[in-house]
Amino acid sequence: MYEKPDIIMNPDYIGVNPNEQGISIELIKRYADNVMLGIKLDMAGEYLYVFTMHDIQESKILRRLHSGRIKVFSVDNQ
């Protein structure tokens with residue numbers, strides 16, 4: 001089972017979907033099956049919500065890295 005808090009707090013990749021209206025981000029976490037979580041900002045209601053969560057193929061991750069749509073996410077704790 002995938003844990004959304006883990007995906008949100010420690011994504012392996014982060015990006016923006018250029019095809020979505022408004023403000024949205026994509027978070028990808030590596031598990032046995034890679035998982036992508038899409039989050040949108042509702043400006044009128046002033047809240048964030050998860051609009052999609054699904055497996056994502058390794059080949060799609062590589063294409064998105066190559067195109068610049070997603071970036072490797074890391075936190076420098078120093």
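It should be noted that the structure appears before, not after, this text.
K.L.:
So, the pattern of salt bridges: which residues are in play, and what are the values?
P.N.:
One pass over the full model with this rule turns up 4 salt bridges. Residues Arg64 and Glu26 are paired through a salt bridge, measuring 3.6 Å at the closest nitrogen-oxygen approach. With a gap of 38 residues between them, Arg64 in helix α2 (residues 58-67) and Glu26 in strand β2 (residues 24-29) connect regions that are remote in the sequence. One exposure class covers both Arg64 and Glu26, and it is buried. In this structure, Glu26 engages Arg69 in a salt bridge whose closest nitrogen and oxygen atoms are separated by 2.7 Å. Linking Glu26 in strand β2 with Arg69 in the loop between α2 and β5 (70-72), this pair joins segments that are 43 residues apart in sequence. Three or more residues joined by partner-sharing salt bridges are found here, namely Glu26, Arg64 and Arg69.

K.L.:
Give me the packing of aromatic side chains: which residues, what numbers.
P.N.:
This structure, assessed with the given rule, holds 1 aromatic pair. Aromatic pair Tyr47 and Tyr49: ring centres 5.9 Å apart, planes at 50°, arrangement tilted. Judged by relative accessible area, which is 34%, Tyr49 ranks as partly exposed. The positively charged end of Lys40 is found above the aromatic ring belonging to Phe51, 4.7 Å away from the centroid.

K.L.:
Can you tell me about the sheet that holds β2, naming the residues and giving the values?
P.N.:
Spatial ordering of the open sheet is given by β4-β3-β2-β1-β5, a layout of 5 strands whose pairing is antiparallel. Edge positions in the sheet fall to β4 (47-55) and β5, since each has one partner strand and no second. Averaged over neighbouring strand pairs, the angle between their axes works out to 25° when direction is ignored. Pairing analysis gives 3 bridges linking strand β1 (residues 13-15) to β2, with the strands arranged antiparallel. For Ile14, the partnering residue across the bridge sits in β2 and is Leu27.

Definitions and cut-offs
Residues numbered from 1 in each chain as written. Predicted model: local features only at pLDDT ≥ 70, side-chain atom pairs only at ≥ 80, totals over all residues. Heavy atoms only, no water. Salt bridge = Lys/Arg side-chain N within 4 Å of Asp/Glu carboxyl O. Helix = DSSP H or I, 4+ residues; strand = E, 2+ residues; numbered from the N terminus. Buried < 20%, exposed > 50% of the residue type's maximum accessible area, 1.4 Å probe, protein only. Phe/Tyr/Trp six-rings, centres within 6.5 Å; stacked < 30°, edge-to-face > 60°. Lys NZ or Arg CZ within 6 Å of the ring centre and 35° of its normal. Pairing = 2+ DSSP bridges. Axes fitted to C-alpha atoms, helices over the stretch in contact; angles between N-to-C directions.

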